[in-house]
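Here's the letter readout for the chains.
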Amino acid sequence: MNNAMRTMSAEAATVERYRGAVADSRFKRLWNANAPGYLFLLPWLLGFFGLTLGPALMSLYLSFTDFDMLRSPGWVGAANYVRIATADPKFASAMSVTLTYVMLAVPFKLAFALMVALALNRGIQGLPIYRAIFYLPSLLGASVAIAVLWRQLFAGDGLVNAALAQFGIQGPSWISHPNYSIYTLVALSVWQFGSPMIIFLAGLRQIPQDMYEAASLDGASKFRQFYKITLPLLTPVIFFNAVVQTIDAFKAFTPAFIISGGTGGPINSTLFYTLYLYQEAFGNFRMGYASALAWILVIIIAIFTAFSFLSSRYWVHYDD
Amino acid sequence: MTGIVTAPQPPSDVNKRSLPGSVLVHALLIGGSLLMLYPLLWMVSASVRPENEIFTSTSIFPSSIDFSSYLRGWVGLDVSFGRFFWNSLVISVLTVVGNVTACSLAAFAFARLRFAGRNFWFAIMLGTLMIPYHVTLIPQYVLFLNLGWVNTILPLVVPKFLASDAFFIFLMVQFFRGIPRELDEAAMMDGCSAWRIYWKIMLPLSLPVLATAAIFSFIWTWDDFFGPLIYLNDMNTYTIQLGLRTFVDSTSASDWGGLFAMSTLSLVPVFFFFLFFQRLLIEGIATTGMKR
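These numbers come from a predicted model, not from an experiment. (Residues numbered from 1 in each chain as written. Chains lettered and ligands numbered in written order. Predicted model: local features only at pLDDT ≥ 70, side-chain atom pairs only at ≥ 80, totals over all residues. Heavy atoms only, no water.)

Draft legend 1. Summary view of the overall build of chain A. In terms of regular secondary structure, chain A is built from 13 helices and zero strands. The N-to-C order of helical and strand elements in chain A reads α-α-α-α-α-α-α-α-α-α-α-α-α. Taking 20 Å as the expected radius of gyration for a compact globule of 320 residues, we find that chain A reaches 30 Å, considerably beyond that expectation. The buried share among the 320 residues of chain A stands at 50%. (Helix = DSSP H or I, 4+ residues; strand = E, 2+ residues; numbered from the N terminus. Rg over C-alpha atoms; globule rule 2.2 N^0.38 Å. Buried < 20%, exposed > 50% of the residue type's maximum accessible area, 1.4 Å probe, protein only.)

As structure tokens, this is what we get:
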């Protein structure tokens, strides 16, 4: 009896100790399994909470306030959004300038990129040199120097008009005329078709050569081959380029800022959305209003992207 | 040309052309190349042209070469362009270090380590790729202003050490996944710590992607105008892009030679990166769709 009891309590103690050890090792295991991952992720996690999630929530809050950096933000409800939608001619103007820019620059850019990529994809001699030359403007294009150069090229007494004069054409002062200024910016963007071109080239490489051989055996013309083979098989790449370029065009800033001297003029004709946002936030210190503008931009880009993805179902061919 | 296939073509010869056709394509491409390069060449030539000749000639060949514009331009405004170059260099180099370090750490965790919540955080990281910077711009500015960081390089550099360019994380994850798992599994068996695997195995094998990230980081930072425009207001802290813009505003219609000389100089680092790393840059774009 006594013996039995002693055995039992000893057993209980063992079990107890065992359980403790299990819990202990479970924690240790959990720690050992997860700590390295989170340690490696630490910088990104800090950045995500401190520089992305926190500020994004803050900006959403600020968009409902009249924050001006001097006084603490006061809640104004949806007033900013209402004013944007109904009583802000500059918003309407900036939106229309930006949409015009997107609708013109993106298709032309993609068309040039595709045309040059097709020309370069013919097993042509000197491909690396051509590719480099056509890509160079894309790489340099973001800098102030290029915007400055562009402003000079399209000035009233600039190079473009000097070239036109040789054909007897009297060109307008492109950058200081509200009817033309936007087109100089479109031209600048189209000039930088290099990176979509390189993506097109990579896409063209993926198309199996024997499809063309089979088609030409069947007597299909070059045009028909392009229309029936190249174009459909390239639609995923076209789609990708279109989405990337569109989002990028919505965010254009530097050229418009430099060419208009930060004003978006003449008569708001180059007032890009981001430039207007910058003016409101850092020129007029209407931080609350600018936050609302930023959120509207996000929503518009999201709608565009969603629409692209929905429409892609009808024209993008994925072979599977 | 159509219909007759006499011999199997080597795969690199896409659509063999007839001689006249190929001459035509070359002529078009050469014409196009000249059109692409003309503005750049004209700017370089304007920078070495005698001042009175800059706007009278559309030719890219100057009648005489004169480097005095460079000397005049370099002196700049109250602050010389040497200062602007130095500031840009410091910011760009620190950005490269920050991006490569922080992004490779995060990418290693996502690509190679197992931990609870990995997929969740990975999805979040991908999500941040879609957020335009405008959304975080104003609160970030307020934050850095309150920290007293405005007019220093900190707002431009510190975020990079927190892997704020998530795009590079994504790029590196893709690359790390292509490295055989057996390597780090074997090392793990031998008792290697995660840190040693990252440092001794993964990084040395990933030099191409690290170089790509470094080169693009440098070029984008060097070209960046918006960040410096917001955070740097003291001319002593200006980057080359801000310096150039100020130079434009203050010397308009007076010193075109100096302006084009400094514009040309500002492009030189990017141009040399392009020259030396062309293949890496082009592969980077072709495989990942990086742009700008």
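Draft legend 2. Geometry of the UniProt feature "transmembrane region" (unreviewed entry) in chain B. Residues and elements named next belong to chain B. The feature "transmembrane region" (unreviewed entry), as annotated in UniProt, sits at residues 23-44, 84-108, 120-141, 153-176, 197-222 and 259-282 in this numbering. Helix makes up 100% of residues 23-44 and strand 0%, with an end-to-end C-alpha separation of 30 Å. Each end of residues 84-108 is marked by a C-alpha atom, and these two atoms are 36 Å apart; helix forms 100% of the span and strand 0%. (UniProt positions renumbered as here; feature names shortened; annotations may be inferred.)

Draft legend 3. Seen up close, the interface of chain B and chain A. Taken residue by residue, the interface counts 93 residues in chain B and 92 residues in chain A. In total, about 8200 Å² of surface goes out of reach between chain B and chain A, with carbon and sulfur atoms giving 77% of it. The interface formed by chain B and chain A holds zero salt bridges in total. At the boundary of chain B with chain A, the tally comes to eight residue pairs in polar contact (both at pLDDT 80 or more). Of the residues forming the side of chain B that touches chain A, the biggest block, 15 residues, is contributed by helix α13 (residues 256-288) of chain B. (Contact = heavy atoms within 4.5 Å. Buried area = accessible area lost by both parts, 1.4 Å probe. Salt bridge = Lys/Arg side-chain N within 4 Å of Asp/Glu carboxyl O. Polar contact = N/O pair within 3.5 Å; in protein donor to acceptor, adjacent residues only side chain to side chain.)

Draft legend 4. Fine view of the packing of aromatic side chains. Here the structure, examined in full by the defined rule, presents 60 aromatic pairs over all chains. Arranged with centres 5.2 Å apart and planes meeting at 70°, the rings of A:F48 and A:F49 form a pair that is edge-to-face. Overall, the relative accessible area of 44% leaves A:F49 in the partly exposed class. Both rings, one in A:Y135 and one in B:F274, keep their centres 5.9 Å apart while their planes meet at 50°; by these two values the pair is tilted. Pair noted here: A:Y135 is in helix α4 (residues 127-140) and B:F274 is in helix α13, and the two residues belong to different chains. On the basis of relative accessible area, A:Y135 is assigned to the buried category, the value being 0%. Members of the aromatic cluster, each reached through a chain of ring pairs, are A:F253, A:F257, A:Y278, A:F282, B:Y133, B:Y141, B:F144, B:W149, B:F225, B:F226 and B:Y231. A cation over a ring is seen here: A:R83 above A:Y289, with NZ or CZ 4.2 Å from the ring centre. (Phe/Tyr/Trp six-rings, centres within 6.5 Å; stacked < 30°, edge-to-face > 60°. Lys NZ or Arg CZ within 6 Å of the ring centre and 35° of its normal.)

Draft legend 5. Quick peek at the UniProt feature "transmembrane region" (unreviewed entry) in chain A. Residues and elements named next belong to chain A. According to UniProt, the "transmembrane region" (unreviewed entry) feature falls on residues 38-62, 99-120, 132-150, 180-204, 225-244, 256-278 and 290-310. Structurally, residues 38-62 is divided into 100% helix and 0% strand, and its ends, taken at the C-alpha atoms, are 32 Å apart. When the span residues 99-120 is considered, its composition is 100% helix and 0% strand, and the gap between its end C-alpha atoms is 31 Å.

Draft legend 6. Empty space enclosed by the protein, seen in detail. One pass over the structure, following the stated rule, counts three cavities of 30 Å³ or more. A:V148, A:F257, A:I258, A:G261, A:G262, B:R245, B:V248 and B:D249 are the residues that line the largest cavity. Where the lining of the largest cavity is concerned, the elements lending two or more residues are α11 (254-259) of chain A together with α12 (240-251) of chain B. Ranked by residue count, the leading element in the lining of the largest cavity is α12(B), at three residues. Of the residues belonging to the lining of the largest cavity, the class tally is four nonpolar, two polar and two charged. (1 Å grid on protein atoms, 1.4 Å probe; cavity = no way out; pocket = protein on both sides within 12 Å on 5 of 7 lines; lining within 4 Å. Points joined across faces, edges and corners; volume = space filled by probe spheres on them. Nonpolar A, V, L, I, M, F, W, Y, C, P; charged D, E, K, R; others polar.)

Draft legend 7. Just the pattern of salt bridges, in detail. Residue and element names in this part refer to chain B. This structure, assessed with the given rule, holds five salt bridges over all chains. R279 is paired through a salt bridge with E283; the nearest N and O atoms lie 3.3 Å apart. One end of the pair is R279 and the other is E283, both in helix α13 and four residues apart, which spans about a single turn. Residue R279 is classed as exposed on the basis of its relative accessible area of 63%.

Draft legend 8. Spatial organisation of the side chain of B:H134. Along the chain, B:H134 falls in helix α5 (residues 134-146). Look past the residues within four positions of B:H134 in its chain and what remains in contact with it is A:K251, A:T274, A:L277, A:A294 and A:L297.

Draft legend 9. Examining a nonpolar patch on the surface more closely. Residue and element names in this part refer to chain B. Side chains of W86, L89, V93, L94, V97 and F161 sit close together on the surface and give an oily, nonpolar patch of about 500 Å² of accessible area. At five residues, the largest contribution of residues to the nonpolar patch is made by helix α3 (residues 81-112). Mapped onto the secondary structure, L89 falls in helix α3. Owing to a relative accessible area of 36%, L89 belongs among the partly exposed residues under this scheme. (Patch = residues over 30% accessible without salt bridge, like charges linked within 9 Å, V, L, I, M, F, W, Y side chains within 5 Å. Areas by Shrake-Rupley, 256 points an atom, 1.4 Å probe, with all protein chains shown as cover.)

Draft legend 10. Region of the structure containing the packing of helix α3 (residues 89-120) of chain A against helix α13 (residues 287-315) of chain A. Residues and elements named next belong to chain A. Two elements in contact, α3 and α13, have axes separated by 13 Å at closest approach and are oriented at 30°. The interaxial crossing formed by α3 with α13 has right-handed handedness. On α13, the residues touching F91, M95, L99 and M103 of α3 are L293, I296, I300 and F304. Taken together, the residues of the contact of α3 with α13 sort by class into eight nonpolar, no polar and no charged. (Axes fitted to C-alpha atoms, helices over the stretch in contact; angles between N-to-C directions. Left-handed = near helix turned anticlockwise from the far one by under 90°.)

Draft legend 11. Summary view of the UniProt feature "domain: ABC transmembrane type-1" (unreviewed entry) in chain A. Here the UniProt feature "domain: ABC transmembrane type-1" (unreviewed entry) sits at residues 95-308 of chain A. Between the end C-alpha atoms of residues 95-308 of chain A there is a gap of 19 Å, over a span that is 73% helix and 0% strand.

Draft legend 12. Structural detail: helix α2 (residues 68-75) of chain B. Residues and elements named next belong to chain B. For α2, every residue scored as buried is listed here: S69, Y70 and G73. Each buried residue of α2 sits inside an arc of 95° when the element is viewed along its axis, so together they form one side. Exposed and oriented more than 90 degrees from the buried face of α2 are L71 and V75. After α2 finishes, the residue G76 shows a positive phi value of roughly 70°. (Arc of directions from axis to C-beta.)

Draft legend 13. Geometry of the nonpolar core. Of all hydrophobic cores here, the largest spans 189 residues; its most connected members are A:W44, B:F110 and B:I169. In contact with B:I169, other than residues within four places in its own chain, are A:W44, B:C103, B:A106, B:A107, B:F110, B:M125 and B:A163. (Core = buried A, V, L, I, M, F, W, Y, C linked by side-chain atoms within 4.5 Å.)

Draft legend 14. Expanded view of the side chain of B:T136. Relative to the assigned elements, B:T136 resides in helix α5. Judged by its relative accessible area of 8%, B:T136 falls in the buried class. Excluding anything up to four places from it in sequence, B:T136 contacts A:L51, A:T52, A:P55 and A:A56.

Draft legend 15. Here's a closer look at the packing of helix α12 (residues 273-283) of chain A against α13(A). All names here are of chain A. Viewed as axis vectors pointing N to C, α12 and α13 meet at an angle of 160°, and their least axial separation amounts to 7 Å. Taken together, the axes of α12 and α13 lie roughly antiparallel to each other. Along this stretch, α12 crosses α13, giving a crossing that reads as left-handed. In this structure, α12 contributes Y273, T274, Y276, L277, E280, A281 and F282 to the contact, and α13 contributes M287, Y289, A290, L293, A294, I296 and L297. Residues that form the contact of α12 with α13 fall into these classes: 12 nonpolar, one polar and one charged. (Parallel < 35°, antiparallel > 145°, perpendicular 65-115°, else oblique.)

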